[in-house]
Amino acid sequence: MKTLLVKAQLTSSPNRLKDGSVTLKFSTLEEISNEDFATMDEYWKQNGWLAFKLNDIKEQDLPKENATVEGELTPSQYLRRNLYAKHIAVGGKKEDFPTYYNKVMAGFAKSVQDSFPER
């Protein structure tokens, strides 16, 4: 995805939230193109890095690793957790879950493979 780089000003004092995170409010210093606005819209409620420095920003100032949220589930963990909840909700037992999970995942993989266009 595109790196969003805009001239900006921090426009309000940081506000500490209950969980210890902070709300920041920025305003751009110039009009924003439709392309940059569309990029901002794509990034709505996504996790990533926000870099702000009083000019003279250099590549080494930017992190090399992806931003992660402590305790956030990976997509596969989220899917597994939801499949477990469904399994239990329909009367399944904890000890039967590995068999159920493998069966469901095999069915999902087959569905994906079947969706490929003919080669």
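For the structure itself, consult the block above.
In this text, all values refer to a predicted model and were calculated from it rather than measured experimentally.

Visitor: Could you give an account of the packing of aromatic side chains, naming the residues involved and the relevant values?
Guide: In total, this model carries four aromatic pairs according to the counting rule given. Ring centres of Phe26 and Phe52 lie 5.2 Å apart, and the angle between their planes is 55°; on these two criteria the pair is classed as tilted. Taken together, the residues span a long stretch of sequence, with Phe26 in strand β4 (residues 26-28) and Phe52 in the loop between α1 (34-42) and α2 (75-89) at a distance of 26 residues. Assessed through its relative accessible area of 27%, Phe26 is described here as partly exposed. The exposure class assigned to Phe52 is partly exposed, which follows from its relative accessible area of 41%. Note on Phe97 and Tyr101: the rings are 5.7 Å apart at their centroids and 45° apart in plane angle, and the pair reads as tilted. Of the two residues, Phe97 and Tyr101 are both situated in helix α3 (residues 97-114); the distance of four residues between them amounts to about one turn of the helix. Relative accessible area serves as the criterion here: at 6%, Phe97 is assigned to the buried category. Across from the ring centre of Tyr101, 4.1 Å away, lies the NZ or CZ of Arg80, which sits over that ring.

Thresholds applied
- Residues numbered from 1 in each chain as written.
- Predicted model: local features only at pLDDT ≥ 70, side-chain atom pairs only at ≥ 80, totals over all residues.
- Heavy atoms only, no water.
- Phe/Tyr/Trp six-rings, centres within 6.5 Å; stacked < 30°, edge-to-face > 60°.
- Helix = DSSP H or I, 4+ residues; strand = E, 2+ residues; numbered from the N terminus.
- Buried < 20%, exposed > 50% of the residue type's maximum accessible area, 1.4 Å probe, protein only.
- Lys NZ or Arg CZ within 6 Å of the ring centre and 35° of its normal.

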